[in-house]
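Structural overview
Here are the chains, one letter per residue:
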Amino acid sequence: MFQYSDKDFIFTTSWKSLDGQSKFDEKLRNLWREKEDQELFRYKYNIECSIELPGKYGFLAVLNTDRGTKRRKPITFCNVLEPFNDDLFNFTKVNPGEYLFKFSYISNNSSNPNDILAINASPLGDFHSLILPKLTSKLPQVINEYSLNVAIQLLLQSASPALRVGFNSLCAFASVNHLHLHLYYLFHRMYLEYCDLVKLSGPCHTILDFPSKGFVFILNSKDSLPNFVK
């Protein structure tokens, strides 16, 4: 069990100190390597080639053929809001050895022992793991307030600016209809981390110059995380 509270949140990181690790970083990386030694992955994570594409956006192209050839065959979905189906593969059916640890946010009235961090057995990034909020509740792959809150809490446990959290829905290449988010390290500073923004309202901004449209929400250390998530 990994437990944390508001006092453990880290709001300032630096690309000049990538070797810095928090308790969370150290626990995640050490356990992930142990799972690798136990051969619980479908392949040993290896980047065959990585290049930064020319141009102002600095897109990163990574070659990882094992991800395309050795991962579990994805399930095809036709509806973004498809209900959970216990007959299909879900994360309660994986080898329990793939679970890294349970984690719990400690406050006066909040503690959920069913939040789990597990390895992604077909990794596409360094220490690629899966955030599984309320695992036994068997929620479908639809982002909700609780899971977004949990994801940001874990992000704020890291001392590294390279830690990323991502979510993709059904019909956007999510291969399992069981609520999960991706967590991994990408040791490459992306254009979106320093691009120009236009303030829209409150913490919400729009991206000024990028090939796709998007919103940016800025969280400050003095902000209430639950209010920010809402």
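Here the structure is a predicted model, which means the values were calculated and not measured.

Read across the open sheet, the three strands follow the order 9-10-11; overall the sheet is antiparallel. Two strands lie at the open edges of the sheet, namely strand 9 (197-201) and strand 11 (215-217), each paired on one side alone. Across this sheet, the average inter-strand angle for adjacent strands is 35 degrees, counted without regard to direction.

For the rest of this paragraph, the subject is helix 1 (residues 23-37). Taking 1.5 Å of rise per residue, 15 residues should cover 21 Å, and helix 1 covers 21 Å from first to last C-alpha, within 8% of that figure. For helix 1, the set of buried residues is Phe24, Asp25, Leu28, Arg29, Leu31, Trp32, Lys35 and Glu36. Just past helix 1, the residue Glu39 takes up positive phi, approximately 60 degrees.

What follows deals with the nonpolar core. The biggest cluster of nonpolar side chains holds 31 residues, and the ones touching the most others in it are Phe24, Leu100, Phe101, Phe103, Leu117, Ile131 and Leu154. Listing elements by their share of this core, those giving two or more residues are strand 1 (2-4), helix 1, strand 4 (99-105), strand 5 (116-119), strand 6 (126-132), helix 3 (145-155), strand 8 (181-185) and helix 4 (225-229). Ranked by size, the runner-up nonpolar core spans nine residues in total, among them Ile116, Ala118, Leu130 and Val176.

So, on to a nonpolar patch on the surface. Side chains of Ile51, Leu53 and Phe59 sit close together on the surface and give an oily, nonpolar patch of about 250 Å² of accessible area. Inspection of the secondary structure puts Phe59 in the loop between strand 2 (49-52) and strand 3 (60-63).

Our focus in this paragraph is the packing of aromatic side chains. This model, assessed by the stated rule, comprises 18 aromatic pairs. Look at Phe9 and Phe11: their rings are 6.5 Å apart centre to centre, the planes differ by 80 degrees, and that puts the pair in the edge-to-face class. Classification of Phe11 as partly exposed rests on a relative accessible area of 35%. Between the NZ or CZ atom of Lys134 and the centre of the ring of Tyr146, over which it lies, the distance is 4.2 Å.

Keep in mind that low pLDDT regions are not for reading the predicted coordinates in detail. Of all residues in the chain, 97% have pLDDT values of 70 or greater, and the mean over the chain is 93. Per-element confidence in the chain ranges from a low mean pLDDT of 92 for helix 2 (residues 65-70) to a high of 98 for strand 5.

Another aspect to go through is the pairing of strand 10 (residues 204-207). Sheet topology note: the strand 9/strand 10 ladder contains four bridges and is antiparallel. Bridging across to strand 10, Leu197 finds its partner in Ile207. Where strand 9 folds back onto strand 10 in an antiparallel hairpin, the turn is made up of two residues, including Gly202, whose phi is positive at roughly 55 degrees. With three bridges joining them, strand 10 and strand 11 adopt antiparallel strand pairing.

So, how was this worked out
Residues numbered from 1 in each chain as written. Predicted model: local features only at pLDDT ≥ 70, side-chain atom pairs only at ≥ 80, totals over all residues. Heavy atoms only, no water. Pairing = 2+ DSSP bridges. Helix = DSSP H or I, 4+ residues; strand = E, 2+ residues; numbered from the N terminus. Axes fitted to C-alpha atoms, helices over the stretch in contact; angles between N-to-C directions. Expected span 1.5 Å × (residues − 1). Buried < 20%, exposed > 50% of the residue type's maximum accessible area, 1.4 Å probe, protein only. Core = buried A, V, L, I, M, F, W, Y, C linked by side-chain atoms within 4.5 Å. Patch = residues over 30% accessible without salt bridge, like charges linked within 9 Å, V, L, I, M, F, W, Y side chains within 5 Å. Areas by Shrake-Rupley, 256 points an atom, 1.4 Å probe, with all protein chains shown as cover. Salt bridge = Lys/Arg side-chain N within 4 Å of Asp/Glu carboxyl O. Phe/Tyr/Trp six-rings, centres within 6.5 Å; stacked < 30°, edge-to-face > 60°. Lys NZ or Arg CZ within 6 Å of the ring centre and 35° of its normal. pLDDT = per-residue confidence, 0-100.

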